[in-house]
Amino acid sequence: MERQISRKYGRENIPNVSFTNTSNLLASTTTISAKTNQYLRDQLIRLTDQFSSIKLRSTDHVLRQIYTQSLNSFIIEKRNLTELVTEMANYTNRAIMKKLEAIRNLVSISEQSYRKFAETDSSIRNITAAYMLQHGYLNSKVVINETSNSTHENSPITRTTTTTTTTSTMSAVTSNADMEKTVTSGLSTRAPQSTSTNRNEPSPSETAHEDHREKKEEDVLLKQLIIQPKKHFGGAFVNVTHSTVHVPTIIYSLNQEILLTANWSYNLNQAFIDNYNQDPELTWQYFCSQTGLYRVWPGHKWEYPEGDIDELDLFDCRVQNWYIRATSSPRDVIILIDASGSMTGLKRSIAIQTVETILDTLSDDDFVQIIKFQENAEYIDDCFTDGLIQATVENRHKFRTSVNSSFNTENIANFSRALNMAFELLDKARLQISRTENARLLCQCHYLSSDNQTDAQREAFCPSDFNATKYKSDESIFLDSTGCNKMIMIVTDGATETAAQVFQTRNWSPNNVSTCHPYETRVFTYMIGRELGDPKHIRWMSCANKGYFAHVSTLEDIQENVEDYIPVTARPIAMYNDHVTVWSSVFLDVERTLPIKAYKWFAYKIPDLSISMEEFKNRSKPANLMISIAQPVLNPPQNVQDATILLGAVGVDIPVKLLQEFSPKYRLGVHGYSFMINHNGYLMFHPDLRPVLGPYRKQNYHSIDLDMVEIPENLMRFVHPLPYSKIQAIRKEMIQCVENQTKARVKKHLDDMRRAEEVEQNYYYATLGDKESNPFNLGIVVRFPYGEYDTRTTVPATEKVQIALRFIRQRNVRISDWIYCNSTAEDDIGDTEESFRGYLKEKIDMEKIPSCPYEASQQLIYMMIEELYIMSKFENWTKTGITGSEHPTPLNKAAHEQFKEYQHENHLHWIFLGTRSGITAYWKLYDLANEDHMRQFSDANPNSIEASYYERTINATYVYGADHVDGEHHVYSLFYGVSSVPSSNTQATTGQTTTTSTGASLTTQMYLVITTAIWMNKTSSKSKTRTSQNAQNVPFGVFGVMLPYKTVRSTHFSNLCAKMDSGICYIIDENGYIMFISQPEGTDRTEDIGKFLGEFEGALMQDLVAKKIFSEIKMVDFQGVCLKRAIRHERSAGGLFRGILQTISMTIWNLINHIAIILVRDIIYWPQWTYAAKKPNVANQNATVPKRVPETHTLESLSNILLTHIDFRRPVLDYKQTNMSKEDDTLERTPVSCIEEFNLYLSTWKGWQGPLPSKDNQAAWEQVERENSLQNTISCTHIAKETPEIVDDFYGNTSNGTNFSTTIPTPPPPPIAESFSYIISKIPKSNLMMIYVNHSRETSQLCEKLIIKRKPVKFTQEDLCTRLKTTPYRERPHKCFFVHDDERKLFQKCSNAIRWTNSSLFSYIILIIILSYYHLKT
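Residues numbered from 1 in each chain as written. Predicted model: local features only at pLDDT ≥ 70, side-chain atom pairs only at ≥ 80, totals over all residues. Heavy atoms only, no water.

Next up on the list: the overall build of the protein. Helix and strand counts for the protein stand at 43 helices and 48 strands. Within the protein, the proportion of its 1418 residues that are buried is 55%. Accessible surface for the protein amounts to roughly 62600 Å². Of this, 51% is attributable to carbon and sulfur atoms. (Helix = DSSP H or I, 4+ residues; strand = E, 2+ residues; numbered from the N terminus. Buried < 20%, exposed > 50% of the residue type's maximum accessible area, 1.4 Å probe, protein only. Areas by Shrake-Rupley, 256 points an atom, 1.4 Å probe, with all protein chains shown as cover.)

In structure tokens:
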């Protein structure tokens, strides 16, 4: 058996299990007797009958009959999925175009307002600034929130006591009308030329605090703001009639520039409101000025990042990713950092942080390289030693680490060598692009020339386009460059040369080797240090190459000076007056106002896990994904030198859910879904995009690629680069805007990644249209054959709508949170069910739904009406046996009588029906059934068609052939309900199902859930109308029964293998999880229910894999989260004392051994050696055993740690006690993104398909056992004692922690092998299997275990470098502006004009003294 398993799987791929040749077993093999075999046969028959008695088979037959009665109302036909995805893409593109219109409106208003402001003279501006200084503006950091105690009109306002930085917000809300009457804030000026329109400005006395403290200048900003919670804005307290302003901490809120910007930008307030009225799907709208002012709508109190207790407020909109991408084209950036001997101390710290700040301004669309230079120039990072590197989050983090660790200063700086190396990198990238893409992105003329130019005209305009070397047919496209902006950024404390010769040959003259355009590469210089020497050489480098010079004297100056390069790169965009549209990657709404350097994780410590899973989930916040769209706000120069050309940028946030609504789940059916990617291949939405793990935000969720969630079937483990697959072909075609369809076999997971399956899926994808407007591509996925068919309904009659409306008002109905006709985006509609009821009333009153013009949405409403009508008929049947007036005769009297009997049995609590349109209805059978538990089941499965039980049932019933049509196949699963019982004591018992804390006790009740699928086709009815294709079975819903597990086990399964003298019986599901287990007298193994069989029977599980009863699915999770923990070598005081004792005992023991060896060897046995002249072996004395280099960090899977502390199989259990000391409990562990590998298991074994042998049929057990049972003998090895782990003691000595001797330790006794037999049988018509294992429980505890555990992938340095350097296929920007011929005429300023050198400062001081003396004298 060992050879057989090793041949198929390889010994290294079978963890945690030891196999031994059975011929060498020390223990005898225990076989299963004929008597036991016969008993197990009887058990199988009994189990089949018991399961049949609790699944309400006759009731779900009736439900199918009711569906058949309404079958004429359904239309089942094959659909064209290519046309469907194109239709969905077009609708999505229309929605995006509406967002673009909103952005263009904001841009237009901003530019018009500024131009009107720019026309005023200095006197008018001074008057306006004075007025603003007196009346202020709505500053979000100091605004005073107020809420209403009532929603009634004209309700009184209750003021909340606040300080300038803290607001106590009440939970009450006020109506819009009330708010409009009470909110009084705005901006105005008495000057007739003012650009502001609102004069209802309260005086400072109306908004100041009621205490009598001394008034300050900033008190003018203390204004009241009436707020109310808005569902559309994530439940935030906002004011939809006003916008608020944020000013960075580093900028004085009342300086003249800010006051004037706040004044002219106030006109955006009405534009924000108009946009929202035109498109209610819009959420946050904002304008970021180049001055640093950030105006955002709706108005709200500024929210500081979680954990920012001191409210430092590091946010600056000008360095946010969306702003930088909107105001400049993608960049190839070379950072040159001076590492000469003078760059020490504070200069070194400033230089490092300057480089880090530059990295923070880059995005995945940019490429970067960092070079440190002294006498020679070299790459800062050992990984990135050739070419440009994509500026992904991981790569930027790697660069940061290298800059901090590899920045050693010495020698002198050679600027010419460093610049030549930088130009060489940029030239190489340009030539590679020109060769592999036929010069498509060679130089700027490609973007600006019209398409109708002839080749001769193009060659004259851009000659190197056609002089470049063409690419080879088999050559891969060069990806490691943007082909756009080229920038060199120099960080230094001074230069003794200008390197003019380098710029002359490499940057100033167009040629076919280095550049196709004069001054193609911009140079930015940052002079570091307080003592400013002669900056002329450094300044000249920037001014001569269309760059910018900045002096960074302190750490506080870094951000302000670094961002000075952004307006420079925006010059070409403004001069061409082209408003480029940029889209962000996905982000969580809680990160909207995080500063660019904010730590992306919540604080994490081990004690945070000392909670139950219910408490853990309560801490989890909803993952509301957003994307933003932005455009620059420009002021094209009008032949005026050094004019303000970049005013800022405007942006709009769009909930991803609103883009998903155009490719909804209900149109694709069960197992179908949609996804969207951008030009980088990153996901915008996908059902497996998991940005959070509980309350923890993941680090890399912004850049999850398509091939990270669609895992090919043949990917057994992580390798880089990933082997080419159909998924990568789909990804490439989507990025290239190719519309196509294909099939691929992939691995899919469900049930919180506890289950997996390998399936073939059909992919259809289409582009969203104009790539300059949006970079997205849409795809849909369905499973054939049932995913190919569409199910619709006819227009329902008014009577059906009335019945549906009455039925939905009951408490036992839940509808999915779909977006119906876009109306649920409005807050005044209420919840989803309320909006749906509104459509039903509209249909009753007007016989149509004019407020819902979308055909797909109308079809959803009609389908829901029909399903509610069927549910109403079923409910009538449960009460009277008659479905309704349409069918007045009783339906299946015998089934109704049986159903009535069930209602009196306490083991049947609930039945439910989930439908394809997302409705779930529940009916209580037992009066004492816990309604809270049913509500929890509903909350855990809010959208029926997306629920785990729904997908498992449809998949399982379809796999098992013809049974799925008749509903004979059932799926069994578990659910845990939680009850809260008042309590005043505090207690905790590990392993119990009750957790008690002060005030309340949480109790868990386990339920057995039995589900079966309802499949229908047109041949199910006598009528054959409307059937245009061959009959195809289509899933219509899932019917289920919920039973209390404890009651069912005691009444039906208490005697499981009860008459067996030895051995254990298990009943497991198709993924190997335990559903029932035999429990002899005196034992209680309830805690083992729901666990994986391999935790107790590792050898058995591996043998089932070898026998192909189960298949082992090797999973790779690219969205894993690991904790990077530093390995601590120091010990506590107790550890120190133990280390001293250990050292003393080892010394004494070594001395005794040495004396004994001398006595025995040199005196007794070999005395002649004592007097020999043999020289010591110097070589051996000098040779030392290489010491094991201790690892500094280790990776631990966060999922494994959570499972250690929180049992996810049960909502309420105390966290598991560990042996960690108090000191270890407080160890902080850094969360990092990681790739994890783990194995899951699945059985597709169908077993015996016919009836079991009985007196009523001719079936024989021999035939059944050949197909339905497997018997085998296996062995496991008992490990006598676990070998202690080798550790380093306090002094660096290596020991195993127990043996202090230096002699060779006594080898442990050989492992004891034991063999045992087992029988596994498939329980017919179910997803369950019965296993009998002929050994004791103690034996299973001694055998090795097979535990489902995640293993983080550890990279070698070489593998990590290869992975980080590899750029996946992506699409470059369609527009690029990096130089303009007239820049040098209009922009003479290349540095901050207000920079005083030491000499000028001395001159100014003398001048001030002279003027002061003259003033005093006169």
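Scanning the model with the defined rule gives 46 aromatic pairs in all. One aromatic cluster is present, built from ring pairs that chain together Tyr286, Tyr294, Trp302, Phe315, Trp322 and Tyr323. Over the ring of Tyr91 we find Arg94, and its NZ or CZ is 5.1 Å from the ring centre. (Phe/Tyr/Trp six-rings, centres within 6.5 Å; stacked < 30°, edge-to-face > 60°. Lys NZ or Arg CZ within 6 Å of the ring centre and 35° of its normal.)

Further remarks concern the sheet that holds strand 48 (residues 1351–1352). Whether parallel or antiparallel, the strands of a sheet pair through hydrogen bonds between backbone atoms. Read across the sheet, four strands follow the order 41-40-42-48 without closing on themselves; strand pairing throughout is antiparallel. With partners counted over all chains shown, the strands left at the sheet margins are strand 41 (1193–1197) and strand 48, one partner each. Sheet topology places strand 40 (residues 1111–1126) next to strand 41; five bridges connect them, and they run antiparallel. In the sheet register, Arg1125 faces strand 41, and the bridge partner there is Thr1194. (Pairing = 2+ DSSP bridges.)

Our next topic: helix 24 (residues 726–735). Those residues of helix 24 not exposed but buried are Ile727, Gln728, Ile730, Arg731, Met734 and Ile735. Along the axis of helix 24, the buried positions cluster into a sector of 155°, meaning they face one direction only. Structurally, helix 24 contributes buried residues whose contacts are with strand 21 (673–677), strand 25 (711–712), strand 26 (740–750), strand 27 (755–767) and strand 28 (777–782). Cys737 occupies a position one or two residues after helix 24 and carries a positive phi of about 65°. (Arc of directions from axis to C-beta. Contact = heavy atoms within 4.5 Å.)

A few words on helix 8 (residues 256–264). Think of an α-helix as 3.6 residues a turn; residues three or four steps apart then line up on the same face. Among the nine residues that make up helix 8, seven are buried, leaving the element largely enclosed by the rest of the structure. Of all the residues in helix 8, the buried ones are Ile258, Leu259, Leu260, Thr261, Ala262, Asn263 and Trp264. Those residues of helix 8 that are buried are in contact with helix 4 (81–118), helix 5 (122–135), strand 8 (285–289) and strand 9 (294–297).

Looking now at the pattern of salt bridges. A side chain of one charge can pair with a side chain of the opposite charge when the charged atoms of the two come close. Within the structure shown, the criterion is met by 49 salt bridges. Arg57 serves as the salt-bridge partner of Glu968, at 3.2 Å between the closest nitrogen and oxygen. In this pair, Glu968 sits in the loop between helix 31 (963–966) and strand 33 (971–983) while Arg57 sits in helix 3 (residues 57–69), placing the two residues 911 residues apart along the sequence. Assessed through its relative accessible area of 27%, Glu968 is described here as partly exposed. Between Asp365 and Arg325 there is a salt bridge whose closest N-O contact spans 2.8 Å. With Asp365 in the loop between helix 11 (346–360) and strand 11 (367–373) and Arg325 in helix 10 (residues 321–327), the pair connects residues that are 40 residues apart, well separated along the chain. Looking at Arg325, the relative accessible area reads 13%, which means it is buried. One salt-bridge network, in which partners are shared between bridges, spans Asp688, Arg690, Asp1117, Glu1236 and Arg1350. (Salt bridge = Lys/Arg side-chain N within 4 Å of Asp/Glu carboxyl O.)

Evaluation of the coordinates by the stated rule reveals six disulfides. A sulfur-sulfur distance of 1.7 Å marks the disulfide that ties Cys383 to Cys1361. The chirality of the disulfide connecting Cys383 with Cys1361 is left-handed, given an S-S dihedral of about -60°. Taken together, the residues span a long stretch of sequence, with Cys383 in the loop between strand 12 (377–379) and strand 13 (389–390) and Cys1361 in helix 41 (residues 1357–1365) at a distance of 978 residues. In this structure Cys383 comes out as buried when scored by relative accessible area, which is 1%. Two residues share a disulfide in this structure: Cys1057 and Cys1065, whose sulfurs sit 1.7 Å from each other. On the sign convention where negative means left-handed, the S-S torsion of about -80° between Cys1057 and Cys1065 marks this disulfide as left-handed. Each member of the pair Cys1057 and Cys1065 is classed as buried. (Disulfide = S-S within 2.5 Å.)

Moving on, we get to unusual backbone geometry. Along the chain, Trp297 connects to Pro298 via a cis peptide bond; the corresponding omega equals 0°. Of note, Pro298 is situated in the loop between strand 9 and helix 10. Of note, the amide linkage connecting Phe784 to Pro785 takes the cis form, showing an omega dihedral of 0°. Here Pro785 shows up in the loop between strand 28 and strand 29 (789–793). The residue Leu56 is not glycine, and still its phi comes out positive at about 50°.

A few words now on the nonpolar core. One finds Phe51, Ile861 and Tyr1066 to be the most contacted residues of the largest nonpolar core, which totals 141 residues. It is helix 27 (residues 855–880) that provides the largest number of residues to this core, a total of eleven residues. If we ignore the near neighbours within four places in the chain, the residues touching Phe51 are Tyr972, Phe1053, Ile1067, Phe1076, Ile1323 and Leu1328. The next biggest cluster of nonpolar side chains, apart from the first, holds 137 residues, and it includes Trp264, Phe524, Ala574 and Ala649. (Core = buried A, V, L, I, M, F, W, Y, C linked by side-chain atoms within 4.5 Å.)

All right, on to the sheet that holds strand 22 (residues 683–685) then. Strands sit in the order 22-21-28-27-26-25 across an open sheet of six strands; the sheet is antiparallel. Of all strands in the sheet, those with a lone pairing partner are strand 22 and strand 25, marking the two edges. Along the sheet, helix 4 makes contact with strand 21, strand 26, strand 27 and strand 28, crossing strand 28 at roughly 140°. (Axes fitted to C-alpha atoms, helices over the stretch in contact; angles between N-to-C directions.)

A word on the pairing of strand 9. Regular strands place their side chains on alternate faces of the sheet. Burial along strand 9 is two-sided: Tyr294 and Val296 and Arg295 and Trp297, pointing in opposite directions, are all buried. With four bridges connecting them, strand 8 and strand 9 associate as antiparallel partners. Bridge assignment links Tyr286 to a residue of strand 9, and that residue is Val296. The antiparallel pairing of strand 8 with strand 9 creates a hairpin that spans four residues between the two strands, and Gly292 there sits at a positive phi of about 105°.

This part is about the confidence of the model for the protein. Residue-level pLDDT values for the protein average 76, and 72% of them are 70 or greater. Taken together, the stretch residues 463–468 has pLDDT below 50 and engages in 16 contacts with residues farther than four places along the chain or on a different chain. Across residues 1393–1404, where pLDDT falls below 50, the model places seven contacts with residues more than four positions away in sequence or in other chains. (pLDDT = per-residue confidence, 0-100.)

Okay, the pairing of strand 37 (residues 1034–1044) next. Summarising burial for strand 37: eleven of the eleven residues are buried, a large majority. Where strand 31 (residues 910–915) meets strand 37, six bridges bridge the pair, whose relative direction is antiparallel. Looking across to strand 37, one finds that Phe912 is bridged to Gly1040.

What follows deals with the packing of helix 25 (residues 798–808) against helix 27. Interhelical geometry of helix 25 versus helix 27 gives an angle of 70° and a closest axis separation of 8 Å. As judged from the angle between their axes, helix 25 and helix 27 are roughly perpendicular. Relative to helix 27, helix 25 is oriented so that their crossing is left-handed. On helix 27, the residues touching Lys800, Val801, Ile803, Ala804, Phe807 and Ile808 of helix 25 are Ile865, Glu866, Leu868, Tyr869, Met871, Ser872 and Glu875. Along the lines of polarity and charge, the residues of the contact of helix 25 with helix 27 split into nine nonpolar, one polar and three charged. (Parallel < 35°, antiparallel > 145°, perpendicular 65-115°, else oblique. Left-handed = near helix turned anticlockwise from the far one by under 90°. Nonpolar A, V, L, I, M, F, W, Y, C, P; charged D, E, K, R; others polar.)

Attention shifts here to the packing of helix 25 against helix 26 (residues 832–846). Axis separation between helix 25 and helix 26 bottoms out at 9 Å; the angle between their running directions is 155°. By the angle between their directions, the pair helix 25 and helix 26 is classed as roughly antiparallel. Once helix 25 is placed against helix 26, the crossing between them reads as left-handed. Taking contact as the criterion, the partners of Thr798, Val801, Gln802, Ala804, Leu805 and Ile808 in helix 25 are, on helix 26, Glu833, Phe836, Arg837, Leu840, Lys841, Lys843 and Ile844. Looking at the contact of helix 25 with helix 26 residue by residue, the classes come out as seven nonpolar, two polar and four charged.

The next thing to look at is the side chain of Asp493. Summarising the element assignment, Asp493 is placed in the loop between strand 14 (485–492) and helix 17 (500–506). A relative accessible area of 15% means that Asp493 is categorised as buried. A polar side-chain atom of Asp493 sits 2.6 Å from a polar atom in the side chain of Ser342. A polar side-chain atom of Asp493 sits 3.2 Å from a polar atom in the side chain of Lys347. (Polar contact = N/O pair within 3.5 Å; in protein donor to acceptor, adjacent residues only side chain to side chain.)

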